[in-house]
Amino acid sequence: MNRSSRVLRFLVCSNAPRLHSRNVTVCSRLSRDFNYPMSPNDMPRAGGIASMMRLPVRETAEGLNVCFIGIPLDSGTSNRSGTRLGPRQIRAESCLLRPYNNATGAASFESLMVADLGDIPINTYNLAATVEIIHKHIATIAGYGCVPLVLGGDHTISYPILKGIKGFRLVSAKDCWHKSLEPLMAEVRQQMGSGPVYISFDIDSLDPAFAPGTGTPEIGGLTSIQGIEIVRGCHGLNIVGGDLVEVSPPYDTTGTTALTAANLLFEMLSVLPGVIYKS
């Protein structure tokens, strides 16, 4: 990631996993094996290692186009703690996701090499040290040319990820009431142009009716449909990474918030550059 990158943020004031791959024809003269989520025909959705979408787990980003990585942090939260449990719960709920995005036609796992890199080993008792740990890990991932999609964790994690990246678009929740956000996202695409873009999605931007499991719930927030419109509206942008933060499982024992977060992360994967779309 470099200083010319822009930021797109929406703020509201033996069970070991087996390597699943498929041989996919990219063109008439080129084929490549891609990682593929474990099929429920091979292992029931409630079983197996709880990686993101039950993808293979890797130790490094070498050879990957995209990685999911967790940051179990809540020592920087402004209100209620619990977001340290977010990455684990998001992964657990992600077993319900399918490999194809039937709504948009995105076939991410036939386009990109994706894996789960586990969690960054933060320092629970030293926030400043944790910021440096996160920065070094993300820099290493970026050095492989791999796009990180990060499972939070509180919103502190965005700072070390975005270190040195400038540019913000601020849209208040009230300006989004009772309307589709597709026109807004058209404006965002025009504003961002071809520059590198990082997406940071705070789950508490959604109304507590849709995502109650967060440290700082605010009524009058976005709907889950508007959240999907925001992420899908990023299709065509030069996305270099993203995060989904502030999921706090103790405040939503149903798992709905984590399930919503898992779906939004899958939508981020679906709009990355290079993803094939099928009619």
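Nothing here was measured: the structure is a model prediction, and the numbers come from that model.

Chemist: Any chance you could explain the overall build of the chain here in plain terms?
Modeler: When its secondary structure is counted, the chain shows 6 helices and 10 strands. Residues classed as buried in the chain amount to 52% of the 279 residues present. Just so you have it, the chain exposes about 12800 Å², and 52% of that area is on carbon and sulfur atoms.

Chemist: For this particular structure, what's the right way to read the pairing of strand 6 (residues 114-119)?
Modeler: Looking along a regular strand, one sees the side chains alternate between the two faces of the sheet. Taking burial as the measure, the 6 residues of strand 6 include 5 buried ones, the bulk of the element. Of the pairings in the sheet, the one linking strand 4 (residues 66-71) to strand 6 comprises 4 bridges and is parallel in character. Paired with V66 across the bridge in strand 6 is V114.

Chemist: Looking at this structure, how should I read the side chain of S248?
Modeler: Here S248 is to be found in the loop between strand 9 (238-245) and helix 6 (256-270). With relative accessibility at 0%, the residue S248 sits in the buried group. For S248, the side chain forms a polar contact with the main-chain oxygen of S81, separated by 3.3 Å. Residues contacting S248, with those up to four places away along its chain left out, are S81, G82, T83, G213, T214 and G215.

Chemist: How do you make sense of the pattern of salt bridges when you look at a structure like this?
Modeler: When charged atoms on two side chains of opposite charge get close, those side chains can pair. Considering all chains together, one arrives at 5 salt bridges under this definition. The closest approach of N and O atoms between D116 and R91, which form a salt bridge, is 2.8 Å. A residue pair is termed long-range when its members are at least 10 positions apart, and D116 in strand 6 and R91 in helix 1 (residues 86-93) qualify at 25 residues. Judged by relative accessible area, which is 2%, D116 ranks as buried. Residue R91 is classed as buried on the basis of its relative accessible area of 7%.

Chemist: Got a minute to help me understand the nonpolar core in this structure?
Modeler: Proteins that are soluble and globular tend to have nonpolar side chains buried together. With 47 residues, the main nonpolar core has F68, I90, L244, L269 and L272 as its most contacted residues. Ranked by residues supplied to this core, first place goes to helix 6 with 8 residues. Listed in part, the 21 residues of the second largest apolar core include I120, I138, C146 and Y198.

Chemist: Explanation requested: helix 1 in the structure shown.
Modeler: Owing to its 3.6 residues per turn, the α-helix aligns residues three or four sequence positions apart on the same side. Listing the buried residues of helix 1 in full gives G86, P87, I90, R91 and E93. Mapping the buried residues of helix 1 onto a view down its axis gives an arc of 165°, with all of them on the same face.

Chemist: How should unusual backbone geometry be read in this particular structure?
Modeler: When glycine is set aside, most residues are seen to have a negative phi, and most peptide bonds are trans. In this model, G152 is joined to G153 through a cis peptide bond whose omega is 15°. Checked against the element boundaries, G153 lands in the loop between strand 7 (147-152) and helix 3 (158-162). A positive phi angle, near 60°, is found at H178, a position not held by glycine. With respect to the helices and strands, the residue H178 is situated in the loop between helix 3 and helix 4 (182-192). According to the relative accessible area criterion, H178 is exposed, its value standing at 81%. Not every positive phi belongs to a glycine, and E246 is a case in point at roughly 75°.

Chemist: How should I be thinking about the packing of helix 1 against helix 6 in this particular structure?
Modeler: A pair of packed helices is captured by two measures, namely the crossing angle of their axes and the spacing between those axes. Here helix 1 crosses helix 6 at 75°, and the two axes come no closer than 8 Å. Classified by the angle between their axes, helix 1 and helix 6 sit roughly perpendicular to one another. For the pair helix 1 and helix 6, the contacting residues are Q89, I90 and E93 in the first and A258, L259, A261, A262 and L265 in the second. In terms of residue class, the contact of helix 1 with helix 6 is made up of 6 nonpolar, 1 polar and 1 charged.

Chemist: What exactly am I supposed to notice about the side chain of S111 here?
Modeler: By secondary structure assignment, the location of S111 is in the loop between strand 5 (106-107) and strand 6. Judged by its relative accessible area of 12%, S111 is buried. In this view, S111 contacts F34, G274, V275 and I276; residues no more than four positions away in its chain are not counted.

Chemist: Would you explain the packing of aromatic side chains in this entry?
Modeler: Aromatic ring pairs are defined here through the distance separating the ring centres and the angle between the ring planes. Summed over the entire model, instances satisfying the criterion amount to 1 aromatic pair. Its guanidinium or amino end placed over the ring of Y251, R80 lies 3.8 Å from that ring's centre, counting from NZ or CZ.

Chemist: Can you help me understand helix 4 in this one?
Modeler: Taken together, the buried positions of helix 4 are L184, M185, V188 and M192. Along the axis of helix 4, the buried positions cluster into a sector of 95°, meaning they face one direction only. The exposed residues of helix 4 that point more than 90 degrees off its buried face are E182, P183 and Q190. Residue G193 follows helix 4 closely and has a positive phi angle near 60°.

Cut-off values and rules
Residues numbered from 1 in each chain as written. Predicted model: local features only at pLDDT ≥ 70, side-chain atom pairs only at ≥ 80, totals over all residues. Heavy atoms only, no water. Helix = DSSP H or I, 4+ residues; strand = E, 2+ residues; numbered from the N terminus. Buried < 20%, exposed > 50% of the residue type's maximum accessible area, 1.4 Å probe, protein only. Areas by Shrake-Rupley, 256 points an atom, 1.4 Å probe, with all protein chains shown as cover. Pairing = 2+ DSSP bridges. Polar contact = N/O pair within 3.5 Å; in protein donor to acceptor, adjacent residues only side chain to side chain. Contact = heavy atoms within 4.5 Å. Salt bridge = Lys/Arg side-chain N within 4 Å of Asp/Glu carboxyl O. Core = buried A, V, L, I, M, F, W, Y, C linked by side-chain atoms within 4.5 Å. Arc of directions from axis to C-beta. Axes fitted to C-alpha atoms, helices over the stretch in contact; angles between N-to-C directions. Parallel < 35°, antiparallel > 145°, perpendicular 65-115°, else oblique. Nonpolar A, V, L, I, M, F, W, Y, C, P; charged D, E, K, R; others polar. Phe/Tyr/Trp six-rings, centres within 6.5 Å; stacked < 30°, edge-to-face > 60°. Lys NZ or Arg CZ within 6 Å of the ring centre and 35° of its normal.

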